[in-house]
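# Descriptive analysis of the structure
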Amino acid sequence: MEDDCLGSDEEFYTSDQEDDYSIEGLEESIDGLENEDSDTPWIPPKGTTTKVITKESLLVAQKEDLRRVMDLLFLREHHARTLLIHHRWDVEKLFAVLVEKGRAFLFAEAGVSVVEHQDSEPLLPSPTIMCAICIEDVPSNEATKMDCGHCFCNGCWTEHFVVKINDGQSKRIRCMAHKCNAICDEAVVRNLVSKSHPNLAEKFDRFLLESYIEDNKRVKWCPSTPHCGNAIRVEDDEFCEIECSCGLQFCFRCSSQAHSPCSCLMWELWAKKCRDESETVNWITVHTKPCPKCHKPVEKNGGCNLVSCICGQAFCWLCGGATGRDHTWSSIAGHSCGRYKEDKEKNAERAKRDLYRYMHYHNRYKAHTDSIKLESKLKETIQEKVSISELRESKNRDFSWVTNGLSRLFRSRRVLSYSYPFAFYMFGEELFKDQMTKEEREIKQNLFEDQQQQLEENVEKLSKFLEEPFDNYDEDKVMEVRMQVINLSVVTDKLCQKMYDCIENDLLGSVQLGIHHNIAPYRSKGIEKASELHCGTNGGSMEPEHPSGSGSSFESGCSSRKRARKEGSGGGFFDLNLPAEVVDRN
């Protein structure tokens, strides 16, 4: 029995004949694996490209991009924000348009009107002015002139702003003048609206602040439920899987659960297929026949081919045609259906084949996801075993190989479970029907399934060794189990990497539509945990005007996606109404 558990060297792919899993590479991997400490939080490597934007750091993150544009183009803050919102907060794209098309085109396209010497000219030289909207004469101090040069009374401006804010157009409120595309000054909007509608002014501030997340392709809300109030910013590739500081792991591209090696489209189709009634329909097609009178599905529960529906209609089970009730052991009176009808038989066979194929992949996917849930409970048991083993007087004082092996088991099991939905669509006819010949599909499917089978075998062996009662073993047996766990951890890691390479290069990379099915890269240490964006960095000063957010908008609970976060040891939240240089100083 002991020999069966340990197995041979060839079973773990560590023999001298295996080039991919050489002893030298195994020893290097073992050294790295032993040095991992899974009891402490995983520290992101230097140069991590994902950041957690909390309520405290949201304003600072927005100010960083605003400052870059303001310093380059010598603009006021609201003009820089208008440009960035138009370009979805993509600073590099904004700079590229500036270089290719010029400053005038950049401003005109975004609706920015910059008046060079506005302060030297009187705003309203006459004591009264006629508003072109309401056609009434109003005092000059009750009218406002925008950067584009159009001037209307404050009452008309206020009503215009209120309508736009209520319609959800707070981020780009255009001038009221006919065919004027200029964006109104946010300070003017805030000042006029706050006098009569303070709640709308807070809503306006919140929309401007959250536009950094809502309109930014590099930033997305964490999809946790209930919402943790965090957003995630990536710097490079949007096809990645990340872990928020709240502990949720998700795909940045589609905001669903982490699902690689499935592409986002594959996972969307698979999730829909698993939760809707499509497979129920397939089962009904295979195992029932519709009544020719009421069209309800009827399941046969006897050997006679003359069946009766609950509506009273009798029909032939073989062909589905309506008949009378008179019949003998060999035939139905006045009915004959011996002729072969190809289309109907083909449809039934196709539905049966599709149902069995789906059940094959779904059963294996479900089995591994269930194993992940069950093995998550194994962590507490292993920690108890480790505590008992450390109390004994033994040479083996380091049991990090146990926790590291458990972490490797979780990662490999997750990859294995999502490889089945990938195979369902990769080798099916739903997405890549005309992309491969039948022979090519068969060759690639065999290649992928061989790697899948190797990974599955080693994952199951790793799970079995981790469940060993090593706290009751002697030192030699513990060392033997330790080497097997380390061995299998290295092998499963390499097999996962090999599977990802096969998917990206040999499968998706070889079909024309593969460019629409990018997957997140494989990470040996697991999904990258985003580091928190520090809000104390001093990146220069900005003009001391009213910022694009107010502290009260968060605390009042206007946004349903956010919930209050506890104040940390840093002294609580900073005031969003302070100028940027004061915020940076604090």
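What comes next concerns the included structure. (Residues numbered from 1 in each chain as written. Predicted model: local features only at pLDDT ≥ 70, side-chain atom pairs only at ≥ 80, totals over all residues. Heavy atoms only, no water.)

## Details of the sheet that holds strand E14 (residues 528–529)
Spelled out, the test is: At least two DSSP bridges between two strands are needed for those strands to be called paired. Numbering of helices and strands starts at the N terminus; helices are DSSP runs of H or I of at least 4 residues and strands are runs of E of at least 2.
Within the open sheet, the three strands sit side by side as E9-E8-E14. Their pairing is mixed. The strands lining the two open edges of the sheet, one partner per strand, are strand E9 (249–251) and E14. Note that strand E8 (residues 241–243) and E9 share three bridges and pair antiparallel. Residue pairing across strands places Ile242 opposite Phe250, the latter belonging to E9.

## Quick word on the environment of Phe399
What counts, and what does not: Exposure classes here rest on a 1.4 Å probe applied to the protein chains alone. A residue is buried below 20% of its type maximum, exposed above 50%, and partly exposed in between. Only heavy atoms enter the contact rule, under which two residues are in contact if any of them lie within 4.5 Å.
Positionally, Phe399 belongs in the loop between helix H13 (378–391) and helix H14 (400–426). On the basis of relative accessibility, which here comes to 6%, the residue Phe399 falls in the buried class. Through-space distance from the C-alpha of Phe399 to that of Gln383 is 9.8 Å; in sequence the pair is 16 residues apart. Those residues in contact with Phe399, other than ones at most four positions away along the chain, are Val386, Ser389, Glu390, Phe470 and Val478.

## Overview of helix H8 (residues 186–196)
Each α-helix winds once per 3.6 residues, and so residues spaced three or four apart point in a common direction. Selection criterion: Pairing of N or O atoms within 3.5 Å defines a polar contact, subject to two protein rules: one partner must be a possible hydrogen donor and the other a possible acceptor, and residues neighboring in sequence count only if both atoms are side-chain atoms.
Along H8, the residues classified as buried are Glu186, Val188, Val189, Arg190, Leu192 and Val193. Buried residues along H8 sit against helix H4 (77–86), strand E4 (143–145), helix H7 (154–166) and helix H9 (198–214). Structurally, the start of H8 carries an N-cap: the backbone nitrogen of Ala187 is 3.0 Å from a side-chain oxygen of Asp185.

## A closer look at the packing of H4 against helix H6 (residues 103–110)
If you want to describe how two helices pack, look at the angle between their axes and the distance between the axes. Worth spelling out the cut-off: Helix axes use the C-alpha atoms of the stretch in contact, all axes being lines fitted to C-alpha atoms, and the angles between their N-to-C directions lie in the range 0 to 180 degrees. Oblique is the label for any angle not under 35 degrees, not over 145, and not in the 65 to 115 range, which are roughly parallel, roughly antiparallel and roughly perpendicular in turn. Throughout this entry, Asp, Glu, Lys and Arg are counted as charged residues, while Ala, Val, Leu, Ile, Met, Phe, Trp, Tyr, Cys and Pro are counted as nonpolar. The remaining residues, Gly among them, count as polar.
Where H4 meets H6, the axes come as close as 9 Å, and the angle between the chain directions of the two elements is 80°. One finds that H4 runs roughly perpendicular with respect to H6. On H6, the residues touching Thr82, Leu83 and His86 of H4 are Leu106, Phe107, Glu109 and Ala110. Considering only residue class, the contact of H4 with H6 consists of four nonpolar, two polar and one charged.

## Side note on the pairing of strand E7 (residues 231–234)
Of the two faces of E7, the one carrying Ala231 and Arg233 and the one carrying Ile232 and Val234 are both buried. Across four bridges, strand E1 (residues 50–53) lies against E7 in antiparallel orientation. Its bridge partner lying in E7, Thr50 is registered against Val234. Where strand E6 (residues 219–221) and E7 come together, three bridges link them in antiparallel fashion. Among the inter-strand pairings, Lys220 is bridged to a residue of E7, identified as Ile232.

## With respect to the packing of aromatic side chains
We apply this condition: Within 6.5 Å between ring centres, the rings of Phe, Tyr and Trp (the latter by its six-membered ring) count as paired, and their orientation is classed by plane angle as stacked under 30 degrees, edge-to-face over 60, tilted in between.
Under the counting rule described, the total for this entry stands at 19 aromatic pairs. Centroid distance Trp157 to Phe161: 5.6 Å. Interplanar angle 20°. Geometry classified as stacked. Pair noted here: Trp157 and Phe161 are both in helix H7, with a separation of four residues, about one helical turn. Both residues of the pair, Trp157 and Phe161, belong to the buried class. On the numbers, 6.3 Å between centres and 35° between planes, the contact of Phe399 with Trp401 is tilted. Trp401 sits in the buried class, given a relative accessible area of 2%. Cluster of aromatic residues (ring-pair linked, three or more members): Trp267, Trp270, Tyr358, Tyr361, Tyr365, Tyr418, Phe424 and Tyr425.

## Side note on H14
The cut-off we apply is this: One less than the number of residues in a helix, times 1.5 Å, gives the span that helix is expected to have.
Compared with the 39 Å implied by 1.5 Å per residue over 27 residues, the 38 Å span of H14 between its first and last C-alpha is a close match. The element H14 is largely enclosed, with a buried count of 25 among its 27 residues.

## Some remarks on the pattern of salt bridges
The cut-off we apply is this: Think of a salt bridge as a Lys or Arg side-chain nitrogen and an Asp or Glu carboxyl oxygen that are within 4 Å of each other.
Under the criterion given, the structure shown has 19 salt bridges. One salt bridge connects Glu64 with Arg233, and the closest N-O pair in it is separated by 3.8 Å. On the criterion of sequence distance, the pair formed by Glu64 in helix H3 (residues 58–73) and Arg233 in strand E7 is long-range, its members being 169 residues apart. Residue class for Glu64 comes out partly exposed when judged on its relative accessible area of 25%. Residue classification places Arg233 among the buried positions, given a relative accessible area of 6%. A salt bridge links Arg81 to Glu77, with the nearest nitrogen and oxygen atoms 2.9 Å apart. With Arg81 and Glu77 both in helix H4 and four residues apart, the pair spans about one turn of that helix. For Arg81, a relative accessible area of 1% corresponds to the buried category. Its relative accessible area of 0% is what places Glu77 among the buried residues.

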